[in-house]
Amino acid sequence: MTISAPSLSECAAWKSLETHYEEVQNLHLRKLFADDPARGERLTVEALGLYLDYSKNRITDETFKLLLELAEETDLRARIDAMFRGDKINLTENRAVLHVALRAPKGASILVDGENVVPQVHAVLDKMVDFSNRVRCGEWLGHTSQRIRNVINIGIGGSDLGPVMAYEALKFYSDRNITFRFVSNVDGTDLAEATRDLDPAETLFIISSKTFTTSETMTNAHSARDWLLEGLGGDTKAVAKHFVAVSTNATKVSEFGIDTGNMFEFWDWVGGRYSMDSAIGLSTMLAIGSEYFLAMLDGFHQMDEHFRTAPFEQNLPVLLGLLTIWYTDFFNAQTVAILPYEQYLKRFPAYLQQLTMESSGKHVTLNGTHVDYDTGPIYWGEPGTNGQHSFYQLIHQGTRLIPCDFIAFGQPLNPLGRHHDMLLANVFAQAETLAFGKTSEQVQAEGTADWLVPHRVFEGNRPSNTILLERLTPETLGKLIALYEHSVFTQGAIWNIDSFDQWGVELGKAMAQRITPELESQTEPELNHDSSTNCLIRCYRKLKKN
């Protein structure tokens, strides 16, 4: 299916935004707040227990109006409807994009090629619930009749980043009697360190690969299999008691030695970076239990429905997406900083890197023409307050404009004295300081020596959003992730790109498969790369022999 859209740079709203930017680019947040004392109350949205303060953005009411007009002119609503309808909006792969079906409630109807996929989703969920309950209660036993006390998830990309982030984010709710580890890198150190102090008799591996042919994942899986068999006397029957698969390739799964009854399916309308709430989340369910996992899915679904139905001016993901476009395409901002003031969310920025950059890192439109505007800012960040003592210097006083998203919670999961008040004070202080800075007059009034004044001036006018929620729970995590999923959708729809393919991932991997035999060859291979790559291969082969 194709959705027609005008060339973005030719849209009336886009042209109006270009003119408007020239008028407001130097307007300071100090003036915007001085002219509108109620701005901090007015430019907020509260929905689903999530409070968004977007008042500290370099926008006026006219900016907001024009951005909403851009969303309308680029048919954002029609594109949202097409996704929820199950249309094949991933054009280059001719696939539907239905991560929203993974969290749809029983009884819902979402069609792909005329078939309702929701019953399939819940059949797999029920299978996951049964399996996780058996492992968690000790009913599932290993080859030597010992209880499983260690779970290692082996995957890469979305099959790793989602489970790792979710485990760390929801660790407070996890079963501490089970050790969870995650292996993704084909670097042997990753697997060696994950297994070093574990007993094979008590260890369960989850191999997550849709095709069961992903080179990094299957290399790690076979080495894990060797490790297990070496520790259990070489009996290949042990594999079926210590390995399960998240895959669709029953033949390959069976050849590996895994009982296909312990294979958990997902579908080609689930992109890897959108898959953590599918069977890819099996390790998450094992860690936190089925009740909490289902609560997380409910949080996802609540945000899905908000995105699908809320008017754009009150639509949380749409607002975040439009603001990203404003800074990326008009202020030439290169990056977005994600700053969660919650230690459990320490892997959330890394998770968002794949979600956003694999989705929006595109240089052609849906019809294959080269874009004449920027897409895909770089997402990065660290949890507060750690980041304040490293990269905040650049955000405050550097030469680059870096829009920031602050994420914080009203209630701590681990109350400890005055820690949480101090943590939240830093959130509010950083956002305030970024916005308003400190003028040379203010610095001078403090008695600062003239020569030192320039060094202590903060220009301010650095934009940020602040997102406040009550408490980090499985449900609120689902809402947060879906918020950013749909913000990315908004950006891609307006940029008129395919946010759901990832051809850029493939070429390097294909080249690596060609080079690997050249590195492993016992005789000197004939090399036909560029001169640099040829020299590097020869240099590596010499180093291997030393």
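Only a predicted model underlies this, so the values are computations on that prediction, with no experimental measurement involved.

Quick notes on the rules
- Residue positions within a chain follow its written sequence, with the count starting from 1.
- Per-residue local features of the predicted model are confined to residues with pLDDT of at least 70, and side-chain atom pairs are confined, for both listing and counting, to 80 or more; whole-chain, interface and lining totals are unaffected and use all residues.
- The side-chain numbers reported here are obtained from all heavy atoms of the structure, hydrogens and water having been left aside.
- Put simply, DSSP H or I for four residues or longer makes a helix, DSSP E for two residues or longer makes a strand, and each gets a number counted from the N terminus.
- In this description the radius of gyration comes from C-alpha coordinates, and the expected globular size is given by 2.2 Å times residues to the power 0.38.
- Partly exposed describes any residue whose relative accessible area lies between the buried limit of under 20% and the exposed limit of over 50%, with all areas from a 1.4 Å probe on protein chains only and scaled to the type maximum.
- The contact criterion used is simple: two residues touch if any of their non-hydrogen atoms lie within 4.5 Å.
- Areas reported as accessible are Shrake-Rupley estimates using a 1.4 Å probe. Residue values count occlusion only from the protein chains shown.
- In this tally, Asp and Glu contribute negative charge and Lys and Arg positive charge; neither His nor the terminal groups of the chain are included.
- Think of each charge as sitting on NZ of Lys, CZ of Arg, CG of Asp or CD of Glu.
- Where helices are involved, their axes are fitted lines through C-alpha atoms of the stretch in contact, as for all axes, and angles between N-to-C directions lie from 0 to 180°.
- In this scheme, roughly parallel covers angles under 35 degrees and roughly antiparallel covers those over 145, while 65 to 115 is roughly perpendicular and the rest are oblique.
- For this classification, Asp, Glu, Lys and Arg are treated as charged, while Ala, Val, Leu, Ile, Met, Phe, Trp, Tyr, Cys and Pro are nonpolar and the rest, including Gly, are polar.
- In this analysis, strands are considered paired if DSSP registers two or more bridges between them.
- In the cavity and pocket records, a cavity denotes points on a 1 Å grid over the protein atoms alone where a 1.4 Å probe fits but cannot get out, a pocket denotes an open set with protein on both sides within 12 Å along at least 5 of 7 lines, and lining residues are residues with an atom within 4 Å of a point.
- Grid points are joined across faces, edges and corners, and a volume is the space filled by probe spheres set on the points.
- What makes a salt bridge here is a side-chain nitrogen of Lys or Arg within 4 Å of a carboxyl oxygen of Asp or Glu, nothing more.
- Domain boundaries shown here were taken from an automatic or database domain assignment.
- In this scheme, patches are assembled from residues that exceed 30% relative accessible area and form no salt bridge. Like charges are connected within 9 Å, while nonpolar side chains (Val, Leu, Ile, Met, Phe, Trp, Tyr) are connected within 5 Å.
- Disulfides are defined as cysteine sulfur pairs within 2.5 Å.
- Ring geometry is summarised as follows: Phe, Tyr and Trp rings, the Trp one being its six-membered ring, pair when their centres sit within 6.5 Å, and such pairs are stacked at plane angles under 30 degrees, edge-to-face over 60 and tilted between the two.

S.K.: How would you sum up the overall build of the chain? Please name residues and give values.
M.R.: Summing up its helical and strand segments, the chain has 22 helices and 13 strands in all. A compact globule built from 546 residues should have a C-alpha radius of gyration of about 24 Å, and the chain, at 25 Å, falls within 12% of that. In terms of overall dimensions, the chain has C-alpha extents of about 75 × 60 × 60 Å along its principal axes. Out of the 546 residues in the chain, the part that is buried amounts to 54%. Sequence separation of 24 or more characterises 73% of the internal contacts of the chain that already satisfy a separation of 6 or more. With an accessible surface of roughly 23,500 Å², the chain has 50% of that area assigned to carbon and sulfur atoms. In the chain, the 48 positive side-chain charges and the 70 negative ones have mean positions that sit 5 Å from each other.

S.K.: Describe the packing of helix α13 (residues 290-309) against helix α14 (residues 316-329), naming the residues involved and giving the relevant values.
M.R.: Contact geometry of α13 with α14 gives a least axis separation of 7 Å together with a crossing angle of 70 degrees. Taken together, the axes of α13 and α14 are roughly perpendicular relative to one another. On the side of α13, the interface is formed by M303, H306 and F307, while α14 contributes L316, P317 and V318. Of the residues that constitute the contact of α13 with α14, the class distribution is five nonpolar, one polar and no charged.

S.K.: Before we move on, could you go through the sheet that holds strand β13 (residues 464-469) and cite the residues and values that matter?
M.R.: Spatial strand order, β1-β2-β13-β12-β10-β11: six strands in an open sheet with mixed pairing. A single partner strand is all that each edge strand has here, and the edge strands are β1 (44-47) and β11 (378-380). Recorded for the sheet is a direction-independent mean angle of 15 degrees between the axes of neighbouring strands. Across the face of the sheet, α14 comes into contact with β1, β2 (50-53), β10 (335-340), β11 and β13 while running at roughly 25 degrees to β2.

S.K.: Give me the lowdown on the pairing of β1, citing residues and values where you can.
M.R.: Bridging between β1 and β2 involves four bridges; their strand directions are antiparallel. From the neighbouring strand, T44 faces β2, where its bridge partner is D53. Here β1 folds back onto β2, and the loop between the two strands holds two residues, one of which, L48, carries a positive phi near 60 degrees.

S.K.: Quick rundown of the environment of I156? Include the residues and the values.
M.R.: Looking at the secondary structure, you find I156 in the loop between β5 (150-154) and α7 (158-169). Assessed through its relative accessible area of 31%, I156 is described here as partly exposed. Sequence separation of I156 and S209 is 53 residues, and the distance between their C-alpha atoms is 8.2 Å.

S.K.: Break down empty space enclosed by the protein for me, citing the residues and quoting the values.
M.R.: A full pass over the atoms with the stated rule returns four cavities of 30 Å³ or more. Roughly 120 Å³ of internal volume is contained in the second largest cavity. Around the second largest cavity, the lining comprises 13 residues; the ones closest to its centre are L320, T324, V336, D405 and N465. When residues in the lining of the second largest cavity are grouped by element, the largest group, four residues, is from α14.

S.K.: Any details on the pairing of β13? Residues and values, ideally.
M.R.: Counting buried residues in β13 gives five out of six residues, a clear majority hidden from the surface. Both β2 and β13 contribute to a ladder of four bridges, which runs antiparallel. Bridge assignment links D53 to a residue of β13, and that residue is T466. Relative to β13, strand β12 (residues 404-409) runs parallel, the two being bridged by six bridges. Residue pairing for β13: I407 is matched across the bridge by I467.

S.K.: Mind laying out the pattern of salt bridges, listing which residues take part and the relevant values?
M.R.: Under the counting rule described, the total for this entry stands at 26 salt bridges. Ionic pairing is found between E93 and R95, a salt bridge with its closest N-O pair at 3.7 Å. E93 gets classed as partly exposed once you look at its relative accessible area, which sits at 22%. Residue E475 pairs with K479 through a salt bridge whose shortest N-O separation is 3.2 Å. Note that E475 and K479 are positioned in helix α20 (residues 474-495) at a spacing of four residues, about one turn of the helix. On the accessibility criterion, E475 (28% relative accessible area) is partly exposed. One continuous salt-bridge network, built from bridges that share partners, spans R103, D277, D304 and E485.

S.K.: Could you give an account of the domain arrangement of the chain, with specific residues and numbers?
M.R.: Domain boundaries assigned for the chain yield domain 1 (27-87 + 310-495), domain 2 (100-291) and domain 3 (512-545). Taking only C-alpha atoms into account, the centre of domain 2 sits 35 Å from that of domain 3.

S.K.: Which residues make up a negative patch on the surface, and what are the values?
M.R.: Together, E18, E22, E23 and D372 line one region of the surface with negative charge. Note on placement: E22 falls in helix α1 (residues 12-24).

S.K.: Lay out the state of the cysteines in plain terms, naming residues and giving numbers.
M.R.: As enumerated under the stated definition, the model contains zero disulfides in all. In this structure C535 is not part of a disulfide, and its nearest cysteine sulfur, from C539, lies 8.8 Å away.

S.K.: Pulling in residues and values, what's your account of the packing of aromatic side chains?
M.R.: Within this structure, the stated rule accounts for 28 aromatic pairs. Taking 5.6 Å as the distance between ring centres and 45 degrees as the angle between the ring planes, the aromatic pair formed by Y274 and F500 counts as tilted. On the criterion of sequence distance, the pair formed by Y274 in the loop between β9 (263-264) and α12 (282-288) and F500 in the loop between α20 and α21 (503-520) is long-range, its members being 226 residues apart. The pair formed by Y274 and F500 is uniform in burial state, with each residue classed as buried. Following the ring pairs from residue to residue traces out a cluster consisting of W14, Y21, W326, Y327, F330, F331 and Y373.

S.K.: I'd like to hear about the layout of surface pockets, residue by residue, with values.
M.R.: Put simply, the largest pocket is a space of about 940 Å³. Lining the largest pocket we find 39 residues, and of these T214, G272, Q502, E506 and K509 sit closest to its centre. Of the residues forming the lining of the largest pocket, the biggest block, six residues, is contributed by α21. Residues that form the lining of the largest pocket fall into these classes: eleven nonpolar, 18 polar and ten charged. Quantified by volume, the second largest pocket comes out at close to 440 Å³. Surrounding the second largest pocket, 17 residues form its lining, Q343, N414, H419, H420 and L423 being those nearest its centre. Here the lining of the second largest pocket is composed, by residue class, of eight nonpolar, eight polar and one charged.

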